[in-house]
Amino acid sequence: MDTKALRQKILDLAIRGKLVPQDPNDEPAEVLLERIREQKQQMLKEGKLKKKDLKNDTIIFKGEDNLHYEKFQDGTVKCIEDEIPFEVPEGWEWTRLRSIIHFIRNGATIKQYGDAKGLPITRIETIASGTIDRNRFGYANIFEVGKYESYILKDYDILMSHINSPKHLGKCALYEHEGDEKIIHGMNLLSIRTFSCSLSKYMCIVFRSTVFKDFVWEHMKQAVNQASITTTSISNSLFPLPPEEEQKRIVDFYDNVNKYVTAIDIDKDKIIQDISLVKSKILDLAIRGKLVPQDPNDEPASVLLERIRAEKEELIKQGKIKRDKKESVIFKGDDNSYYEKVGDEVFCIDEEIPYDIPNTWLWMRLENCCIKEIRRGKSPKYTENSNILVFAQKCNTKYNGIDISLAQYLDENTLNRYPADEYMQDGDVVINSTGTGTLGRIGIYRDFDNTTGLSIVPDSHITIIRGFSCICSYYLYAFIKAHQSELEKKGEGSTNQKELKPLTLKEMLIAIPPLSEQKRIDKSINVAFSHLAIIEKCLN
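Residues numbered from 1 in each chain as written. Predicted model: local features only at pLDDT ≥ 70, side-chain atom pairs only at ≥ 80, totals over all residues. Heavy atoms only, no water.

Caption draft 1: Spatial organisation of the overall build of the chain. Secondary structure summary: the chain contains 13 helices and 25 strands in total. Projected onto the principal axes, the alpha-carbon positions of the chain cover approximately 100 × 55 × 50 Å. Classification of the 540 residues of the chain by burial places 44% in the buried group. Working note: accessible area of the chain is about 29300 Å², and carbon and sulfur atoms make up 49% of it. Computed over 77 positive and 83 negative side-chain charges, the separation of the two mean positions in the chain equals 3 Å. (Helix = DSSP H or I, 4+ residues; strand = E, 2+ residues; numbered from the N terminus. Buried < 20%, exposed > 50% of the residue type's maximum accessible area, 1.4 Å probe, protein only. Areas by Shrake-Rupley, 256 points an atom, 1.4 Å probe, with all protein chains shown as cover. Lys, Arg positive; Asp, Glu negative; His and termini not counted. Charge placed at Lys NZ, Arg CZ, Asp CG, Glu CD.)

Right, dumping it as structure tokens:
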């Protein structure tokens, strides 16, 4: 179920008068508007409002020709039929937002400090979740209200983001006080105060609707990293106003439905988390020899090791690789301990062995599983268009696998820097190797991911792992993927410049099963993951 779309549909029905039935006994919105105008006039007499606060208030009405008109303070009338986005039920009225609110304004300009205390101050992050998050206030060592009295939030004030990324512009939250708290309305959030609880709650429903979001999108001003919308634009927005009693019914209905939708969201998130855990468990069982049964008829992995050596010798003869004089060989001694022979030296490595594996399996260093040296790609020179693509970290996405559409083009004048083995091949394991938040992410490149038909090379932030032909590429990917969380922690360097060094990967221990068992493991993982993918697709 698409809960986001469901919420949006409910909101859009609500502001069109199609969510709850109309009651002919309700006092019409026209009477509510007249009462608000009277309240404003009384506040003007009491000095709580100034003439300038009312000078732009207007009255919208339907003429005898059934068209909408707007009457201004100077008595002039204008047809605004082209502005009306949709018809509203009988008893409802169209109005400008400014005509039904006490005020709309920015908050107090106060420099906040990370380690400060005192009275809480709202900030953009305070309403990031669409509610008032009391864990995300700011502070400035202000302990007395003093000159900020007029900025203290009151029950049912609405806070709105008017400077933010386009996606979050117009986001709002309703304030309801807790205890005797005093919260200062800080800058970069607008505060909107209405004349009743029901109107504030209904107003939030309007602000969350597609109609208002479209209005914000049309009137926002965009800069490089953020967008903004003025208080004047928001004040001028058209507002569909129901009778007060219908406002209450709409709010009650939406709140009740929203509880169920939220419960679905929570269940959905829990299922997604469970799926992630199941995937991790499947990979963990696979690399321990517990996902598929061992077959005594399988050739042991020691035979596979001989094939790797034979393949290496052939490549050495062809001049494609150099002989490794310090090649690692891991074996089990007569004392049942694990030893590693590097050149002429032998070491006991029992403390490095993470878990027991079946007797037909063996341990190898990742470096010795690879036909290609484990290294990062080259720093590319880009161009607008060419016949060669560059695979960057963003192509190895967090949730959607490999996305070649995010690749850029390589300047072909630099092709002499790229030997044949630098071009990516089907089954290459890709590892994001720099940067906080992406370092250690594992993916597998398949030819079918690249629908362009163009050759592709990795950039200097990607490490390529390419195994020998007698090691299944997907098994190698699954094994390294099972250790992704560990690799993410092995970045070296400063906080913002961490890198996963090739040596760290070269020394990684890999549990190698017989080739036929690798194939059975690959098949089992793919079958299980395909079923989980169906569930994920249904959730989304």
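Structure's up, so let's keep going.
Caption draft 2: Region of the structure containing the sheet that holds strand S19 (residues 388-391). An order of S18-S20-S19-S23 is seen for the four strands of this open sheet, with the pairing classed as mixed. Unpaired on one side and paired on the other, strand S18 (382-383) and strand S23 (455-458) mark the two borders of the sheet. As paired strands, S18 and strand S20 (residues 408-410) are joined by two bridges and run antiparallel to one another. Of the residues in S20, the one forming a bridge with Thr383 is Tyr409. (Pairing = 2+ DSSP bridges.)

Caption draft 3: Fine view of the pattern of salt bridges. Scanning the entire structure with this criterion turns up 36 salt bridges. Between Lys270 and Asp274 there is a salt bridge, and its shortest N-O distance comes to 3.0 Å. One end of the pair is Lys270 and the other is Asp274, both in helix H7 (residues 244-287) and four residues apart, which spans about a single turn. Each member of the salt-bridge network shares a partner with another, and the members are Glu373, Arg375, Asp421, Glu422 and Lys506. (Salt bridge = Lys/Arg side-chain N within 4 Å of Asp/Glu carboxyl O.)

Caption draft 4: Representation of a nonpolar patch on the surface in the model. On the surface, Ile59, Phe61 and Val77 cluster together to form a nonpolar patch covering roughly 220 Å² of accessible area. Tracing the sequence through the fold places Val77 in strand S3 (residues 77-79). (Patch = residues over 30% accessible without salt bridge, like charges linked within 9 Å, V, L, I, M, F, W, Y side chains within 5 Å.)

Caption draft 5: Region of interest: the confidence of the model for the chain. Looking at the chain as a whole, its pLDDT mean stands at 93, while 99% of the residues score no less than 70. Confidence, expressed as mean pLDDT per element, reaches its minimum in the chain at helix H8 (residues 301-317) with 88 and its maximum at strand S4 (residues 93-96) with 98. (pLDDT = per-residue confidence, 0-100.)

Caption draft 6: Local environment of the side chain of Lys312. Following the sequence through the fold, Lys312 ends up in helix H8. Residue classification places Lys312 among the buried positions, given a relative accessible area of 12%. If we skip the residues at most four places from it in the chain, Lys312 touches Ile321, Glu327, Asn368 and Phe468. (Contact = heavy atoms within 4.5 Å.)

Caption draft 7: Layout of the nonpolar core. Within the largest apolar cluster, 55 residues are counted, with the highest numbers of intra-cluster contacts made by Trp363, Leu366, Ile465, Phe479, Ile480, Ile512 and Ile525. Here this core gets seven residues from one element, more than from any other, and that element is helix H10 (residues 473-482). Sequence-distant contacts of Ile465, defined by excluding residues within four places in its chain, comprise Leu366, Cys370, Ile374, Asp428, Val429, Ile431, Leu476 and Ile480. (Core = buried A, V, L, I, M, F, W, Y, C linked by side-chain atoms within 4.5 Å.)

Caption draft 8: Representation of a negative patch on the surface. A contiguous patch of negative charge on the surface is contributed by Asp334, Asp335, Asp350 and Glu351. Within the secondary structure layout, Glu351 lies in the loop between strand S15 (345-348) and strand S16 (362-365).

Caption draft 9: Region of the structure containing the environment of Glu486. Secondary-structure assignment places Glu486 in helix H11 (residues 484-488). Between the C-alpha atoms of Glu486 and Lys50, which are 436 residues apart in sequence, the distance is 64 Å.

Caption draft 10: Up close: the environment of Met187. You can see Met187 is positioned in the loop between strand S8 (172-174) and strand S9 (189-193). The partly exposed category is assigned to Met187, whose relative accessible area is 31%. Sequence separation between Met187 and Lys111 is 76 residues, and the spatial gap between their C-alpha atoms is 9.5 Å. Residue contacts for Met187: discarding those within four places in its chain leaves Asn106, Gly107, Ala108, Thr109 and Ile110.

Caption draft 11: Region of interest: the packing of helix H1 (residues 3-14) against H7. Where H1 meets H7, the axes come as close as 10 Å, and the angle between the chain directions of the two elements is 175°. As judged from the angle between their axes, H1 and H7 are roughly antiparallel. Contacts between H1 and H7 involve Thr3, Leu6, Arg7, Ile10, Leu11 and Ala14 on the former and, on the latter, Ile250, Tyr254, Val257, Asn258, Val261, Thr262, Ile264, Asp265 and Lys268. Classifying every residue of the contact of H1 with H7 by side-chain character gives nine nonpolar, three polar and three charged. (Axes fitted to C-alpha atoms, helices over the stretch in contact; angles between N-to-C directions. Parallel < 35°, antiparallel > 145°, perpendicular 65-115°, else oblique. Nonpolar A, V, L, I, M, F, W, Y, C, P; charged D, E, K, R; others polar.)

Caption draft 12: Geometry of the sheet that holds strand S5 (residues 103-106). In spatial order, the strands read S5-S9-S6-S8; together these four strands make up an open sheet with antiparallel pairing. Strands at the two margins of the open sheet, each flanked by one partner only, are S5 and S8. Pairs of neighbouring strands in the sheet enclose a mean axial angle of 20°, with direction left out of account. With three bridges joining them, strand S6 (residues 158-161) and S8 adopt antiparallel strand pairing.

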